[in-house]
Structures are given as C-alpha cells and as structure tokens.
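What the coordinates show
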Amino acid sequence: MDEGKVHPIASSSGEKLGANAMPANVIRDDDGSSRVILSEPTGCTAEVLLHGGQIVSWKNERREELLFMTNKALWKAGKVIKGGISICFPQCTNFGSPEQPGFVRNRLWSVDKSPSPLAPANSRSTVDLLLKSTDDDLKTWPHRFELRLRISVTAGKLTVIPRVRNIDSKPFSFAFALCSYLSISDISEVRVEGLETLDYFDNLLQRERYTEQADAITFDGEVERVYLSTPPKIAVIDHEKKRTYVLRKDGMPDAVLWNPWDKKAKAMPDFGDDDYKITLCIDSASIETPIVLKPCEEWKGRQELTAVSSSYCSGQLDPRKVLQGYQY
C-alpha cells in the first residue's frame, strides 16, 4: 500500500465503481442540508453530511450505533457537530485537539464525479466527496488545494481514504487527522492497547513529552495526548459490551486520545454533562511532522475501523485474532 507517500498527480480519465458496488443515496433535509446514506447487503450502514464531510452514523448488521453523537448536537447548517468521524485539516492548532480542528469542517463538500485514481470499489457502498479551496479560503490559509474523501462500508468495516492535492504554484505543509468518536459503554470499562511504551505529547501538561509506562491505557480523568510513531493497528476494548474496535491506519503515523471528563464536559454547550462517560475520541493523525506537498503532488492516507465481538483475557490482545473475528 502506498498510503502516506507523496506522488505527482497523473492525468486520468476517471474511475468507475466496481460492478458490484452499491450506489449511495443522497438525501436533502428540510433545512436545505444534504446527507449521504450508505448501506451494504448485510445491513451495515453509514451516514455522511455534505457539510464538513462528516460521518455522523455507522451501524452494524444488528443496527447498533458504533459512533457517538452527542444529544446536544446543534443540527443546523454551518454548525460543527461533536461526534462521528470528522476531519482536521490543514492545521490542528492545539496539537490534535478536537477543539482546534481547522476550517474544512465548516465547508460544504460535493459528491466527486471523477474520484480517480483509486482501485475500483467492489461489493461495498461507497461515496467520494470533494472539497476545493476557494478565494475566501485563501484568506484563512493561503494555499490552493483539493481534498478528497472516499468513504466505504462493507460488512463490519468502515473505511475512509483521504487525499490532498497541491494545485498551487508553491509548496505547502499541513497537518491532518481523522477524529473518530467511538460509542462505548463506560469510559471506566475501556482500555486501549497498541500504544504502550510510545512517546506522547500531553496537551494537559504544556505539551511536554512523556513515555507511556502502562501495559495498556485506561481512563480515570481527562486525557488529551498525541502519541507519536504509532503502529498501524490500535485496539479499543470495551469490557462491558464485550466489543473491540480495531483501528488500522496508513499514512498517519500519530494517534490522539481525547476525553474531556466531567468538568470540561459541563463547560461545553454542545456536549452533554455525562457524554464523556460514553465516548472515546481516537484520531488517526499526522501532526508531529507536517506533510509537505510540492505543486502537482498528492498525499493519500487510509483508516479502517472494524468492530468485533471480543472478551478480555489475561490483559493482552492479539490484534490478528481480533481482525479475524476470533473470540477469546
């Protein structure tokens, strides 16, 4: 896979989805906003807003919601919603914090009619979204770009492929993150494996650099950390639900963990007082080392989320077994 690498942009006549791909359903709401509904044969679905290119729902074949969305979300055009999966670009001002997400979350995306070059999307429900910089955007960030997202749903898996093209006459650098709010039973019943022994920046301690000492990460207070040079697989184990989320990523070497805990949750007008108990935000990110694109170059990343039944055993998780759906 060549995610994370920078390539010159080659000319292409476009790409058609595979013959078995299921078409996306675009719905226009009463307030004038639009969303895309994806569904696949086993019953898994996803819902994507054109405003911000934000994924606001991902359900498994049993119709269980796997992404968190706050009940206090401001469902209005032009408002950023806390939850789902959202994009941080071109800067993550507070080192990856969901509170400083960059401006593309406030832009209206379009369905991309020519999403080349990517491999055909067979036997899945897929939508390709496109955001092109405008003259107004140049006032915020003085570089011309194209940002594309391919969002695909297959049985038990949600895949997001972001691509950034430099269509300017000069190089630029940027940070990028996909911020995923996972739905969990209780934050005190969750552990994260795959980040042990790694260095991280702690945003709650003046961005000082530390080394993770725990065998696995558990939560008993506010957390906002940027883990560096992380592995391509990270597991979030929910003991109470006996569910494990496995995040696989390419092209985004860092990972962010965020939970506001009780005091900060109460201070946020668009976040419920107790919402911190039922979500963990984990980002696939490229933050420590900015991505640099010369004119006519493109960067591509990839994130895959799977949710499988699992149980906790001896404090260790074999990601290979989780990915294959084994129970233990």
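The rules we used
- Residues numbered from 1 in each chain as written.
- Predicted model: local features only at pLDDT ≥ 70, side-chain atom pairs only at ≥ 80, totals over all residues.
- Heavy atoms only, no water.
- 1 Å grid on protein atoms, 1.4 Å probe; cavity = no way out; pocket = protein on both sides within 12 Å on 5 of 7 lines; lining within 4 Å.
- Points joined across faces, edges and corners; volume = space filled by probe spheres on them.
- Helix = DSSP H or I, 4+ residues; strand = E, 2+ residues; numbered from the N terminus.
- Nonpolar A, V, L, I, M, F, W, Y, C, P; charged D, E, K, R; others polar.
- Buried < 20%, exposed > 50% of the residue type's maximum accessible area, 1.4 Å probe, protein only.
- Pairing = 2+ DSSP bridges.
- pLDDT = per-residue confidence, 0-100.
- Contact = heavy atoms within 4.5 Å.

**Notes on empty space enclosed by the protein**
Counting across every chain of the model gives 2 cavities of 30 Å³ or more. Size it by volume and the second largest cavity reaches roughly 40 Å³. Of all elements in the fold, only β6 (85–88) and β9 (145–154) reach the threshold of two or more residues within the lining of the second largest cavity. Classifying every residue of the lining of the second largest cavity by side-chain character gives 7 nonpolar, 1 polar and no charged.

**Digging into unusual backbone geometry**
Peptide bonds are, in most cases, trans, and in most cases residues other than glycine have a negative phi. Following F89, the chain continues to P90 via a peptide bond in cis, the omega torsion being 0°. The backbone of T197 shows a phi angle near 70°, a positive value even though the residue is not glycine. If you trace the backbone, T197 turns up in the loop between β12 (190–193) and β13 (199–202). Phi angles above zero are rare outside glycine, and R207 is one such case at about 60°. By the secondary structure assignment, R207 is in the loop between β13 and β14 (208–211). The partly exposed category is assigned to R207, whose relative accessible area is 36%.

**Quick notes on the layout of surface pockets**
By volume, the largest pocket amounts to about 230 Å³. Surrounding the largest pocket, 14 residues form its lining, N60, R62, A307, V308 and S309 being those nearest its centre. Take the lining of the largest pocket: its biggest share by element is 3 residues, from strand β21 (residues 302–309). Broken down by class, the residue content of the lining of the largest pocket amounts to 4 nonpolar, 4 polar and 6 charged.

**Side note on the pairing of strand β8 (residues 125–132)**
By the criterion of burial, β8 is predominantly enclosed, with 7 of the 8 residues buried. The pairing of strand β7 (residues 110–111) with β8 spans 2 bridges and is antiparallel. Across the sheet, residue V111 finds its bridge partner in β8, namely L129. In this structure, β8 lies alongside β9, joined through 8 bridges in antiparallel fashion.

**Notes on the confidence of the model for the protein chain**
Confidence in the prediction for the protein chain averages 85 pLDDT; 80% of positions are at 70 or higher. Of all the helices and strands in the protein chain, helix α3 (residues 319–323) carries the lowest mean pLDDT, 47, while strand β20 (residues 297–300) carries the highest, 98. Confidence drops under pLDDT 50 across residues 9–19; counting only partners more than four residues distant or on other chains, this segment forms 22 contacts.

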